[in-house]
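Each chain, written out:
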Amino acid sequence: MPVQVSSSPATSLAARFAQRQRVRARRERWLRGGLAFAAVLLGVLAVAMPLFLLASTRITPGWSETLLPLVAGSFKAAFYALSVAAPLALGAAIWCARFAAPRLRQLLKPLFELLEAVPVVVLGLVAALLLAPWLAQRVLALAIFVAALVPVLAASGALWQHAAPRRWQRALVGHEVGLSLPVLVLLAWAALVAGEAFATHVSAAIIQPQTPWNALVVGIMLGLAVMPTMFTLAEDALFAVPAEFALGAQALGATRWQALVHLLLPIAAPGIVAALLLGFSRALGETMIVLMASGNTPLLDASPLTGLRSIAANLALEAPEAAPGSEHYGLLLLSALLLFGLCLLLNALAEHVRGRLRRRLAGL
Amino acid sequence: MGLVLRLRRVTRRRDHGLWLAAGAVGLSLLALLVIVCVLLRQAALAFLPAPVAELRWHSNGIEQVLLAAVVEQDARELIVRASEWQRRGTGYQRIRRGDLVSLTWPADVMTWRLRDGRELHWRSAATSVHEAYAALLTQAPAGFSADPAGQVDIVAVNQLSTAGVVRIALQRAWLFVCSGPQAGAGVFPALVGTVVLVLLMSVLVMPLGVLLALWLHEYAGGRRSARILRAAMANLAGVPAVIYGLFGLVLFVDGIGGGLDALLAHKTPQWGGGGLLWSALTLALLTLPVVVVATEEGLGRVPDGLRQAALALGATRAETLWHVVLPVARPALLTALILAIARAAGEVAPLMLVGAVKYAPALPVDAEFPYLHLSRQFMHLGQSVYDLALTGSDAPRDTAQAYAAALLLLVVVVGLNAAAISVRNRLRERTRELST
């Protein structure tokens, strides 16, 4: 009986090992290739986007007359949005990062993150169908509210610090937001009543908006939409400043507010500037709110009481109907390229400023 | 001593700038609260059964009687909606307050809501549905016909208890979510469109995004090319969504789609119009930075010790990634996916350019081969909100339904985000355990 001659077990193992080694090496190469492919693809896309827009752009005579009101509209909407969002976002960031009780801060931050997640079309809906008609009759009340806001809040703060028992003050340190809520509600109610009372006054006629769908409404809603983004950036910047700085200043006799204004804000300034820049960039490109609540009239003025038409809203309105290759199409792409360039510039600037903040904080 | 006290008082006084910051937080919270309350209230209006009044008024000296629901009223006039015998949205009437003789709420009014969204009102003291239907036929104008099977509900609307009102409203809300626009206005096709779109987008974006993040974090490190790519990503994240839409329109729809049509010699554009695939690709581009950033953050949280241990045991880098790093970072991948979905689900502007339409005759998924129709136009929840709000034919009802659709969208998106936040927090705890 012939003995089955098997290859020696040692060689078999070596062969299998070598085989396995080859498979492993191949897998390694594939993975590296796949990763490099993905990277190259993204690089190509990032470059392709502006190039594609550029290639299809056509400059026709008279383009500036068409584009100028759109650019003006975009800037008008973004300006009013920022004038609503900046005080809200910075105030909230300062409070959350520096004054809020830790438990309250843990509650507030996710709340702002959720506010950021609200789809803009929902905000646009509320702005177009409810806020616009409601506000058109109450611009005077809004003006009174905004004018009285700062003095009333400061006065109620002073009153609290002077008149309230120490024990209460100590118990509520870090929770003053709760105290400000009734003040705000009362103030809003008083402003509404005052607005009604002065409805026939001359000043009411001056600030009567020409249309319910105006820059004021857009500014308020767009401001609410971009506020959470700015809040997150500014809050991160302020929170990253070491606590010892504030404590040191307070130990030397500064109040909490003085420590903030003279020490923390200057250190965190690049982060705050970056937040403002990014907020402006987002407001420039935001489409749905402007599309729904601005009336979409191409105007060349800066008044908050008239409508506007922004580049982004114009794109959403006209691009589906434009025939590829036509002059109209070329002009639309030109406006898109303009918007793209503006946003890119603002983002790059913001990134640069944030890099500065990072270096500064690393130096501390 | 007195001087010190006075000084303290003065410095304390400078502290109330702090209240301005607190006021900013308060104002933001109030705004959020008001928006949510307003949405809830307006969406409820879409479903609550409206009480029906009997109106008597003079018109050109003739007294008229009408059973109608009061839609809007102010000091000068009423806008009412009477029975819609013919078509939805045809029963509206304007009545001047000066002409109005009486307005009463009779108890024996029946309201029949049909499947196509119409509402009929008539008076009948009948107890059974059949008797009530017979009474309706005697009161209906000539030529009226309706399929009794096409009912949603028949209720004695002025006699409903609170529980009854809630039950009817919930029923109608459920029907709104799971029926199509042929039946009055439902958002089912829009919901399906949104879900299919978002799933397709996830399938497209996740592999690419994860590969990119792996390359950036595990291979390229601080190389120059990685730095450039990171900068490109940061800039892509800041590009307005509508520009992505335009890019999709130019590149995918007109470029690739048009080219495909020319290649396949289609008479009518099939790929050269907006469609599901192009929209999903556009959204995938839009959410790529989100996925990459979230995944990279998760990879950064994987303790280096694990990687080094795997490599020391002789694993190749690919094996380390596949068997050690990715399993540990799995919650981060999940977070990235959820964040991408949340971002994509709420986005409307780019879809208006590349394929979402007001009314699509067919769903993008059905039982016919190839089951998923990539070139079909589709309906989208966000687009429905926009269309119902601004271009509805039956304004009072359509705007109410726009709020309902908006609320649905809000619930979906905020729910997804809340899930992402909670997953992220759990992930943090887990990696903390691993690194200790």
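Just so you know, these numbers come straight off a predicted model, no measurement behind them. (Residues numbered from 1 in each chain as written. Chains lettered and ligands numbered in written order. Predicted model: local features only at pLDDT ≥ 70, side-chain atom pairs only at ≥ 80, totals over all residues. Heavy atoms only, no water.)

**Things to note about the overall build of chain A**
Reasoning step 1: Of the regular secondary structure elements, chain A holds 14 helices and zero strands.
Reasoning step 2: Listing each helix as α and each strand as β along chain A from the N terminus yields α-α-α-α-α-α-α-α-α-α-α-α-α-α.
Reasoning step 3: Against the globule reference of 21 Å for 364 residues, chain A gives a C-alpha radius of gyration of 29 Å, more extended than a compact globule.
Reasoning step 4: Every one of the 364 residues in chain A was classed for burial, and the buried ones make up 48%.
Reasoning step 5: Taking contacts inside chain A between residues at least 6 apart in sequence as the whole, the part at least 24 apart equals 83%.
Reasoning step 6: In the form shown here, chain A has an accessible surface area of approximately 17600 Å², with 70% of it arising from carbon and sulfur atoms.
Reasoning step 7: One finds the centroid of the 26 positive side-chain charges in chain A at a distance of 17 Å from the centroid of its 15 negative side-chain charges. (Helix = DSSP H or I, 4+ residues; strand = E, 2+ residues; numbered from the N terminus. Rg over C-alpha atoms; globule rule 2.2 N^0.38 Å. Buried < 20%, exposed > 50% of the residue type's maximum accessible area, 1.4 Å probe, protein only. Contact = heavy atoms within 4.5 Å. Areas by Shrake-Rupley, 256 points an atom, 1.4 Å probe, with all protein chains shown as cover. Lys, Arg positive; Asp, Glu negative; His and termini not counted. Charge placed at Lys NZ, Arg CZ, Asp CG, Glu CD.)

**Regarding the domain arrangement of chain A**
Residues and elements named next belong to chain A.
Reasoning step 1: Under the domain assignment, chain A is made up of domain 1 (11-56) and domain 2 (63-363).
Reasoning step 2: One C-alpha centre belongs to domain 1, the other to domain 2; they are set 45 Å apart.
Reasoning step 3: At the junction of the two partners, domain 1 supplies five residues and domain 2 supplies four residues.
Reasoning step 4: Note on domain 1 versus domain 2: buried area summed over both sides is about 480 Å², and carbon and sulfur give 88% of it.
Reasoning step 5: Counting the surface domain 1 buries against domain 2, the share from its top three residues, Pro 50, Leu 53 and Ser 56, is 79%.
Reasoning step 6: The interface formed by domain 1 and domain 2 holds zero salt bridges in total. (Domains from an automatic or database assignment. Buried area = accessible area lost by both parts, 1.4 Å probe. Salt bridge = Lys/Arg side-chain N within 4 Å of Asp/Glu carboxyl O.)

**Quick look at the packing of helix H13 (residues 311-318) of chain A against helix H14 (residues 327-363) of chain A**
Residues and elements named next belong to chain A.
Reasoning step 1: For the pair H13 and H14, the least separation of the axes is 10 Å and the interaxial angle reads 145 degrees. Here H13 runs over H14; the crossing is left-handed. Here H13 contributes Ile 311, Ala 312, Asn 314, Leu 315 and Glu 318 to the contact with H14, which in turn contributes His 328, Leu 332, Ser 335, Ala 336, Leu 338 and Leu 339.
Reasoning step 2: A breakdown of the residues in the contact of H13 with H14 according to their chemical character gives seven nonpolar, three polar and one charged. (Axes fitted to C-alpha atoms, helices over the stretch in contact; angles between N-to-C directions. Left-handed = near helix turned anticlockwise from the far one by under 90°. Nonpolar A, V, L, I, M, F, W, Y, C, P; charged D, E, K, R; others polar.)

**Some points on the packing of aromatic side chains**
Reasoning step 1: For the structure on display, the rule yields eight aromatic pairs over all chains.
Reasoning step 2: Ring geometry for Phe112(A) against Phe231(A): centres 4.0 Å apart, planes inclined by 20 degrees, an arrangement best described as stacked. Highlighted residues: Phe112(A) in helix H3 (residues 102-117) and Phe231(A) in helix H9 (residues 215-240), separated in sequence by 119 residues.
Reasoning step 3: Ring-pair connections join several aromatic residues into one group, and the members of that group are Phe247(B), Phe252(B), Trp271(B) and Trp278(B).
Reasoning step 4: Lying across the ring of Phe239(A), Arg105(A) places its NZ or CZ 3.6 Å from the centre. (Phe/Tyr/Trp six-rings, centres within 6.5 Å; stacked < 30°, edge-to-face > 60°. Lys NZ or Arg CZ within 6 Å of the ring centre and 35° of its normal.)

**Considering the interface of chain A and chain B**
Reasoning step 1: Listed by partner, the interface residues are 94 residues for chain A and 83 residues for chain B.
Reasoning step 2: In total, about 7800 Å² of surface goes out of reach between chain A and chain B, with carbon and sulfur atoms giving 79% of it.
Reasoning step 3: A per-residue breakdown of the area chain A buries against chain B is headed by Leu35(A), Leu42(A) and Met49(A), which together make up 9% of the total.
Reasoning step 4: The tally of links between chain A and chain B comes to one salt bridge.
Reasoning step 5: The partner of Arg24(A) in a salt bridge is Glu319(B), with the nearest N and O atoms 2.8 Å apart.

**Comments concerning a positive patch on the surface**
Reasoning step 1: On the surface, a cluster of positive charge is made up of Arg20(A), Arg22(A), Arg26(A), Arg27(A) and Arg29(A).
Reasoning step 2: Mapping Arg29(A) onto the fold places it in helix H1 (residues 9-56). (Patch = residues over 30% accessible without salt bridge, like charges linked within 9 Å, V, L, I, M, F, W, Y side chains within 5 Å.)

**Looking at the pattern of salt bridges**
Where side chains of opposite charge bring their charged atoms close, a pairing between them can arise.
All names here are of chain B.
Reasoning step 1: With the rule as written, the count across this model stands at 23 salt bridges over all chains.
Reasoning step 2: For the salt bridge of Glu 63 with Arg 56, the shortest nitrogen-to-oxygen distance reads 3.6 Å.
Reasoning step 3: Among the charged side chains, a salt-bridge network with shared partners connects Glu 54, Arg 56, Glu 63, Asp 108 and Arg 123.

**Some details on the nonpolar core**
Reasoning step 1: Within the largest apolar cluster, 213 residues are counted, with the highest numbers of intra-cluster contacts made by Trp95(A), Val121(A), Met221(A), Met288(A), Ile243(B) and Leu246(B).
Reasoning step 2: Counting residues in each nonpolar core, the second largest holds 11 residues, with Trp85(B), Trp112(B), Trp122(B) and Ala140(B) among its members. (Core = buried A, V, L, I, M, F, W, Y, C linked by side-chain atoms within 4.5 Å.)

**Things to note about helix H4 (residues 162-177) of chain B**
Residues and elements named next belong to chain B.
Reasoning step 1: Taking 1.5 Å as the rise per residue, H4 with 16 residues should run 22 Å; its terminal C-alpha atoms sit 23 Å apart, in good agreement.
Reasoning step 2: Turning to H4, its buried residues number three or more, namely Gly 164, Ile 168, Ala 169, Arg 172, Ala 173 and Phe 176. All buried residues of H4 fall inside an arc of 170 degrees around its axis, so they share one side. Set apart from the buried face of H4 by more than 90 degrees, the exposed residues are Ala 163, Leu 170 and Trp 174. (Expected span 1.5 Å × (residues − 1). Arc of directions from axis to C-beta.)

**Structural notes on the side chain of Glu119(B)**
Residues and elements named next belong to chain B.
Reasoning step 1: Turning to its location among the elements, Glu 119 is positioned in strand E7 (residues 119-123).
Reasoning step 2: Residue classification places Glu 119 among the buried residues on the basis of a relative accessible area of 7%.
Reasoning step 3: Leaving out residues up to four positions away in the same chain, Glu 119 has contacts with Arg 81, Ala 82, Ser 83, Glu 84, Thr 111, Trp 112, Arg 113, Arg 172 and Arg 397.

**Some details on the environment of Pro110(A)**
Residue and element names in this part refer to chain A.
Reasoning step 1: With respect to the helices and strands, the residue Pro 110 is situated in helix H3.
Reasoning step 2: Residue Pro 110 is classed as partly exposed on the basis of its relative accessible area, which comes to 30%.
Reasoning step 3: Distance in space between the C-alpha atoms of Pro 110 and Ile 289 is 23 Å, their sequence separation being 179 residues.

**A look at the domain arrangement of chain B**
All names here are of chain B.
Reasoning step 1: As far as domains go, chain B holds domain 1 (52-161) and domain 2 (188-435).
Reasoning step 2: Taking the mean C-alpha position of each, domain 1 and domain 2 sit 47 Å from one another.
Reasoning step 3: The interface is formed by eight residues belonging to domain 1 together with five residues belonging to domain 2.
Reasoning step 4: Overall, the association of domain 1 and domain 2 removes approximately 530 Å² of surface from exposure, summing both partners, and the carbon and sulfur fraction of that is 34%.
Reasoning step 5: In terms of surface lost to domain 2, no three residues of domain 1 exceed Arg 81, Arg 88 and Tyr 92, which account for 67% of the buried area on that side.

**Focus: unusual backbone geometry**
Reasoning step 1: Of note, the phi angle at Asn296(A) is positive, near 55 degrees, even though the residue is not glycine.
Reasoning step 2: If you trace the backbone, Asn296(A) turns up in the loop between helix H12 (288-293) and H13.

**With respect to the sheet that holds strand E3 (residues 77-82) of chain B**
Residue and element names in this part refer to chain B.
Reasoning step 1: Strands sit in the order E4-E3-E2-E1-E5 across an open sheet of five strands; the sheet is antiparallel. With one partner strand each, in any of the chains shown, strand E4 (92-96) and strand E5 (100-104) form the two edges of the open sheet. On average, adjacent strands in this sheet sit at an angle of 45 degrees to one another, irrespective of strand direction. (Pairing = 2+ DSSP bridges.)

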